[in-house]
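# Notes for the structure review
Here is how the chains run, residue by residue.
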Amino acid sequence: MSLRNCAILIYFVPLIAQGQTTWYVDDDDCPGQGSGSAVDPFCAIQLGIIAASDGDTVLVAPGTYFETIGFGGKAMTLRSSDGPSVTIIDGADLNDGVVKCISGEGPMTMLDGFTVTGGHGPDRGGMWNLNSDPTVSNCTFTQNQHGMRNDGSDPTVTSCRFIDNRGDGAGMRNIGSSPRVLDCVFVGNFVPEGINRFGGGMANLSGSNAQVIDCLFFGNSASGGSLNNDGGAMYNFESSPTIFNCVFSGNSATGSSGEGGAIFNRTSNPVITNCTLGANSAATGGGIYNDAASRPVVTNCVLWGNGGGSLSGNGNPITTYCDVEGGFSGTGNIDADPLFVDPDGDDNTAGTEDDNLRLLAGSPGIDAADNTAVPIGAAADLDGNARLVDDPGIPDTGNGTPPIVDMGAYELPPSNVHPTCDSNGPYVVECEGDWTSILVDGTGSSDPDGDELAYWWETDCPGGWFDDPASAMPVLSVDTSEGCDVACGVTLVVDDGNGGTAECSTAVTISDTEPPVVFCSVRPVQGHRLMIEYSAEDACGDVTGSAVIETSCCPLPVVDGQVVRVKCTEHDVCKLSMDFEHDTFRITTNEAALVVTATDECGNEATCVVDLCVSEDDDGDSDSDDHSDSDDEED
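It should be emphasised that the depicted structure is a prediction, and the values quoted were computed from it without experimental measurement. (Residues numbered from 1 in each chain as written. Predicted model: local features only at pLDDT ≥ 70, side-chain atom pairs only at ≥ 80, totals over all residues. Heavy atoms only, no water.)

Right, let's get into unusual backbone geometry. P403 follows P402 through a cis peptide bond whose omega is 5°. Within the fold, P403 resides in the loop between β41 (356-359) and β42 (427-430). Omega for the bond connecting G425 with P426 falls within 30 degrees of zero, at 0°, which places this linkage in the cis form. Here P426 is to be found in the loop between β41 and β42. A positive phi is found at D214, a non-glycine position, where the angle reads about 60°. Classification of D214 as partly exposed rests on a relative accessible area of 24%. A positive phi angle, near 55°, is found at D367, a position not held by glycine. Looking at the element boundaries, D367 is found in the loop between β41 and β42. Given a relative accessible area of 0%, D367 falls into the buried group. (Helix = DSSP H or I, 4+ residues; strand = E, 2+ residues; numbered from the N terminus. Buried < 20%, exposed > 50% of the residue type's maximum accessible area, 1.4 Å probe, protein only.)

Take a look at the structure:
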């Protein structure tokens, strides 16, 4: 879509959906203008911005949008739905900045997730911020005249990439601006041929005190001319940026008078801390060049393998606790090979993103820097690892209370220590029936490095399964329907996520130690008859038992005319099986008792005793001749 078409469409933005907070844009809906709804999105990004109010979001679908846009001072969010690799704003041939914040926009004006390209307007480039402080995240600025230009602006720029842009300050040009640049990458930005050209990656001019933290500068250049091509990665003029945890690799300032392959300082006093500068090149000062009026503070840095000298110029840098090739005066400075892992990477070309300037084990830069120079709150290195880590195999030669910080942008992490495993056994539990549940506990496991542990449980118990085998405290269920005693085990494996694992096993014993529950009672029925009732049950397994009648004398005495019949009734509970020789007992004494004994499969025994109280009947009915089983059919 041409700029002219965009301008025509702008006049017809519908004033609808005032309560809507999200506006939708999709170039697949062109050439229709759209209404900005999810089902009828706008055709162009600028239409969404015009429709939006403060606090609204304009959500842009994947596509290439040929337009230039401006926020118009609105505190709104412009975001892509699928990221910069598939969502492109292309200002080709429109002779303007592609994205503009020139109306006093503040931090609540947000740009997130776009590739911005084709910005070739006069000094405007990919994004132009004029007296504005927007927030820019997850964007790629490529093939622009200046990836971003800031005039009197302090934007926050996070996780952005500046690639193959061109001009003075090709990646980012700051004039009287102090942006906060975090976790960004500057690759292959260059200053074209000419006289007095500067700042391939970034230029900080006229009081620009940028904060540049956790950034990478690879293969940027100020080159092609014959005079004053300065600052391949960064050029500072009358500015004092803060540069921390950054790597400068393969940057160059070429030409007969090129100075400052990585950083050039003119009348500037930057603070450069825990940075690594390797394989940069210039006619003079491949690492850092300082003119006479510059007094940078360089601390905890590694400057090695830079052509034209690591620290050059007639300035007076304050340099301490640095590893400087060729040596440099200052407290704690050393001159020793830092032992980079692979400074030119797998492609054997310095200045590409596979350059690995991390320190090998045994590097003289380990535990050799100054703790007091690390900014307050800076707890991590460029990789996100803990910044203060002690290597017990190397003497602490730096300054501060151990652990001592390493030189350069990367802290050498200690060798991973494997975790310890604790399965908290053995587990001895009571049988609960057909299934028995056991809470197992691996929370006693630990990792000396503080790594977060992952858990995995296994078991050989019959029918055993865990409700959540990846939990630190799962419940194990075991099949105990086939027997009261089960002996098995569980195994726990813990993993620290860094290649360290540990395994431990423990025994599981399931026993039935509880005796069965026995019930017995005697109640009178017709005449001199007693009804005996008994039962037994056990939580785990079958029960066997017996019932007997005990008297104070044996054999039972017989008294003429006084015969008591006792009918026994068996209640089969839990497969109870009682053994009797008779189910009718003649009792002729008041001193008798029923004793019921039950035993479960594991030999646990329980007894129930009840007295048999027989009273004499005054009617003299003896029933002495009626003592067959058939006489007691009713009960």
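Next, the rest of the story.
Another point: the environment of A368. Structurally, A368 is set in the loop between β41 and β42. Sequence separation between A368 and D396 is 28 residues, and the spatial gap between their C-alpha atoms is 6.2 Å. When sequence neighbours within four positions are dropped, the list of residues in contact with A368 reads Y321, T397, G398, I404, V405 and M407. (Contact = heavy atoms within 4.5 Å.)

A word on the environment of A350. In this structure, A350 sits in the loop between β40 (340-342) and β41. In the structure, A350 is positioned 99 residues away from N251 in sequence and 8.5 Å away in space, judged by C-alpha atoms. Residues within four places of A350 in sequence aside, it is in contact with G250, A279, D344 and D355.

This part takes up the nonpolar core. Grouped together as the largest cluster of nonpolar side chains are 58 residues, with contacts concentrated most on I45, L78 and F248. With 4 residues, the single largest contributor to this core is helix α2 (residues 45-51). In this structure, I45 is in contact with V25, V60, Y65, E67, I69, L78, I89 and F114, ignoring residues within four places of it in sequence. Counting residues in hydrophobic clusters, the runner-up holds 25 residues, among them L182, V247, V374 and M407. (Core = buried A, V, L, I, M, F, W, Y, C linked by side-chain atoms within 4.5 Å.)

One open sheet accounts for 11 strands, arranged β3-β6-β9-β12-β15-β18-β23-β28-β32-β36-β39; its pairing is parallel. Looking at the sheet topology across the chains shown, the edges are occupied by β3 (63-66) and β39 (323-324). (Pairing = 2+ DSSP bridges.)

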